[in-house]
Amino acid sequence: MTQRAKIDTDGSEAEAVGPPVVHRPAGLTSAEVAERVARGEVNDVPVRSSRSTKDIVRANVFTRFNAIIGVLWVIMLIVAPIQDSLFGFVIIANTGIGIIQELRAKKTLDGLAVIGEAKPTVRRDGVAAELSTSEIVLGDLIELGPGDKVVVDGEVAEADSLEIDESLLTGEADPVVKKPGDPMMSGSFVVAGGGAFTATKVGREAYAAQLAEEASRFTLVHSELRTGISTILKYVTWMMIPTAIGLVISQLVVKDDNFKDAIARTVGGIVPMIPEGLVLLTSVAFAIGVVRLGRKQCLVQELPAIEGLARVDVVCLDKTGTLTEGGMDVTEVRPLGGADETYVHTVLGAFGESDPRPNASLQAIIDAYPDTVEWRCTEALPFSSARKYSGAAFSEGNGENSTWLLGAPDVLLPAGDPTLTEIDHLNEQGLRVLLLARTANELDSPEVATGAHPTALVVLEQRLRPDAADTLAYFADQNVATKVISGDNAVSVGAVAGKLDMPGAANTVDARTLPTDREEMAKVLDENAVFGRVTPQQKRDMVAALQSHGHTVAMTGDGVNDVLALKDADIGVSMGSGSEATRAVAQIVLLNNSFATLPSVVAEGRRVIGNITRVATLFLTKTVYSVLLAVLVVCSQVEYPFLPRHLTLLSTLTIGIPAFFLALAPNKERAKPNFVRRVMRYAIPGGVIAAAATFTTYLLARHHYSGEGALEAETSAATLTLFLVSMWVLAIIARPYTWWRLTLVATMGGAFLLVLVVPWLQDFFALKLVGTTLPWAAVAIAAAGGLLLEVAWRWVDRRFPA
């Protein structure tokens, strides 16, 4: 068979749809394309991309806290020695690191976005070719097949049982049948059939272009982590303003004879209140995560997806393309009811021409049974996930006409049919079985499957992904439940899952028996792991039911039938070879089509979230003790104990350097909600204890020392206590210990000891312990503070569990 045509009732050929083509529009000519490009009638909507270099620099440099610190830095450069201005240089270095890391992430993302970009098929000069969406011009003829996304607005020019899903735009779940002349909206996608449409609106004029442009941008927002940090910073700002004003007034009153020293100590009190490195470190951790995943051919289309997948506790998998490879092989054809085997092979060969874009099952049949030129397809019914079967009407070349259906046996056959028992035995072996049935009804009849006569069983073997078993084992080990949700026969899907040693593979459920009530459905989903004969709408309902029970759900898929569920899931994961529609709605695209990449994404998310939670505690403990020290100083009307250089040294050794290493360390703990609460329940008691211990040492030192150099001795003793308590906080945060964590803590302690014993460092940082009584008292107070920390944090764990 060399062509497929639709036959009118009078027997004449109305329109040829397959090669060779009759009356097929050739599309624009090269000259017409050039004219439109010259007029600017080009689809110039930006492709999915990361933030621009300008945006990255602006976001890292022009922050509220950088502005505050910048002003304070300028003041310190005027009134104090350079060592009291070190905090400014640290901020410049940190900001530079943040910009460099985000630019690396941008380069990775932009490169991957080009690889993963959908390329529609455009017909020009009679030749169809894949083009970038930005190359489409007004009037272009764009071809469509199942799973293709409509990239610009247009009007249908050709339609072959074309069904369009516009639910992402209109909310209506039912597919819309399109005929020539009907409008097409960008953002919709093809669920069945094929055709072509003429572009009538391109660029920013297209219906969904503005929405798509905003949704496609690489962003750091809509993340519990980012929102939590913003909330914390808002409260910090409100606390900081009155405290800073009180500190300025008190220091000018107390140090009325030394204006410059009063300013220096005031700035020394304000600067550590600002958790300036926290936002930076979060951006760096995310950016490095993107780069790491990029090396594994994983495109993160929305940055919070890394965080979201770390919180996932249920992963819903589509069997085909996830547990099994896309390809299949025909292992056997079993004629039924005495059907002639040669005739059956001829029918199957003819079926290959009924769909210009065959799915994996039909492709296996095409490979096994080549077409015959005598038979001609006169009408076709494309496969639909909702129907579970496809159909074709043939002119057999000998004057006979016949109509056939090919699809799910348990859908085409009535319940209790003896053939189903035979099929069950095949399904139990993990084999996929299709039924070839002859029908006396018209293909466009709603009752086309009623009374269909079973003619043959087509047995297909699915190729298991070699890495699927290890991936399922990883999720089981990480306490992430896996649910296989497939349109195939439940027994067959369960057999495949069993071969991969998936937990709960024996518990198979036919989705046609699922309750429609969400609460009842959620109970069945919690108790079982494998679901077959699931419709696209049911996939969506199942995701919603799991979410209603408090689960964070990830959905993987590659077919057009997965789009709605991918969109509704907390995290949508698409294969790179999946349809344009699935790639468009998914937050994560596995460009190498490997399900085995998913554990890397989960691990990266857990690393980022777990580690940022750790280091946020370090930063906010400093903010709490800085605010409290300032309040105690104002209330006591004494000189602020520290110069900026002292707190720069402490912040660098107990927070800055350790936080950078801790933020990039491995972390397998599943991310938990309530970020702000989980961080502040440690930061508040830690900060209170550090401030109380430090101020106690400072007051003791003020009574102990007198005369010239007394303030420097008092500051040194207070600094020693604050450093030791801060180190204790760091030691708790660094648990559980590994060799490198112990080395990190020990190195920071050694660096501070070096400052205390090397004369020029003593002078540079104005730190010199005087005598033995107060220094040892400072150590004792710090030890008491450390023990109190251990008790307080254990109590917090019991009283306010995460």
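Residues numbered from 1 in each chain as written. Predicted model: local features only at pLDDT ≥ 70, side-chain atom pairs only at ≥ 80, totals over all residues. Heavy atoms only, no water.

Sorry if this is basic, but what is going on with the overall build of the chain here?
What the chain contains, in helices and strands, is 27 helices and 23 strands. Every one of the 802 residues in the chain was classed for burial, and the buried ones make up 57%. Counted over contacts in the chain with a minimum sequence separation of 6, partners at least 24 positions apart contribute 73%. In the form shown here, the chain has an accessible surface area of approximately 32,600 Å², with 58% of it arising from carbon and sulfur atoms. (Helix = DSSP H or I, 4+ residues; strand = E, 2+ residues; numbered from the N terminus. Buried < 20%, exposed > 50% of the residue type's maximum accessible area, 1.4 Å probe, protein only. Contact = heavy atoms within 4.5 Å. Areas by Shrake-Rupley, 256 points an atom, 1.4 Å probe, with all protein chains shown as cover.)

Sorry if this is basic, but what is going on with the pairing of strand 3 (residues 121–124) here?
Where a strand is regular, its side chains alternate between the two sheet faces. Residues Thr121 and Arg123 point to one face of strand 3 and Val122 and Arg124 to the other, with burial holding for every one of them. Sheet topology places strand 3 next to strand 5 (residues 141–144); three bridges connect them, and they run antiparallel. Its bridge partner being in strand 5, threonine 121 is matched across the sheet by glutamate 143. As judged from the four bridges shared by strand 3 and strand 4 (residues 127–130), these two strands associate in the antiparallel manner. Note that in strand 4 the partner of arginine 124 across the bridge is valine 127. Linking strand 3 back to strand 4 in an antiparallel pair, the connection comprises two residues, with aspartate 125 at a positive phi of about 55 degrees. (Pairing = 2+ DSSP bridges.)

How do you make sense of the pattern of salt bridges when you look at a structure like this?
A pair can form between side chains of opposite charge whenever their charged atoms are brought close. Overall, the coordinates contain 22 salt bridges when judged by the stated rule. Taken together, the shared-partner salt bridges in this structure form one network comprising Asp410, Asp510, Arg512 and Arg533. (Salt bridge = Lys/Arg side-chain N within 4 Å of Asp/Glu carboxyl O.)

Any chance you could explain the sheet that holds strand 22 (residues 571–575) here in plain terms?
Within a sheet, neighbouring strands are paired by backbone hydrogen bonds and run either parallel or antiparallel to one another. With respect to topology, eight strands assemble into an open sheet ordered 10-23-22-21-11-18-20-19, the strand pairing being mixed. The strands lining the two open edges of the sheet, one partner per strand, are strand 10 (298–300) and strand 19 (508–510). Averaged over all pairs of adjacent strands, the angle between their axes in this sheet comes to 20 degrees, without regard to strand direction. Pairing geometry for strand 18 (residues 481–485) and strand 20 (residues 530–532), over two bridges, is parallel. Residue pairing across strands places isoleucine 485 opposite phenylalanine 531, the latter belonging to strand 20. Its contacts with the sheet place helix 16 (residues 490–499) against strand 18, strand 19 and strand 20, and it is angled at close to 145 degrees to strand 20. (Axes fitted to C-alpha atoms, helices over the stretch in contact; angles between N-to-C directions.)

I would appreciate a short explanation of the side chain of threonine 719 in the present structure.
Assignment of secondary structure puts threonine 719 in helix 24 (residues 710–733). At 2.7 Å, the side chain of threonine 719 forms a polar contact with the backbone oxygen of threonine 715. (Polar contact = N/O pair within 3.5 Å; in protein donor to acceptor, adjacent residues only side chain to side chain.)

When you look at the environment of glycine 337 in this model, what are you seeing that I'm missing?
Mapped onto the elements of the fold, glycine 337 is located in the loop between strand 12 (324–335) and helix 11 (341–351). What makes glycine 337 exposed here is its relative accessible area of 82%.

I would appreciate a short explanation of the side chain of arginine 606 in the present structure.
The residue arginine 606 is located in helix 21 (residues 598–636) in this model. One buried charged residue, arginine 606, remains without a salt bridge, the closest side chain of opposite sign being aspartate 477 at 7.9 Å. Separated by 2.5 Å, the side chains of arginine 606 and glutamine 478 make a polar contact. (Lys, Arg positive; Asp, Glu negative; His and termini not counted.)

Is there a simple way to think about the environment of threonine 198 in this case?
Among the secondary structure elements, threonine 198 is positioned in strand 9 (residues 189–201). Not counting chain neighbours up to four residues away, the residues in contact with threonine 198 comprise Gly139, Asp140, Leu141, Asp153, Gly154, Glu155 and Ala157.

What is the right way to look at a nonpolar patch on the surface in this model?
On the surface, Trp238, Ile241, Ile245, Val248, Ile249, Leu252, Val253 and Phe259 cluster together into a nonpolar patch covering about 790 Å² of accessible area. By residue number, the principal contributor to the nonpolar patch is helix 7 (residues 224–254), which donates seven residues. On the secondary structure map, isoleucine 249 appears in helix 7. (Patch = residues over 30% accessible without salt bridge, like charges linked within 9 Å, V, L, I, M, F, W, Y side chains within 5 Å.)

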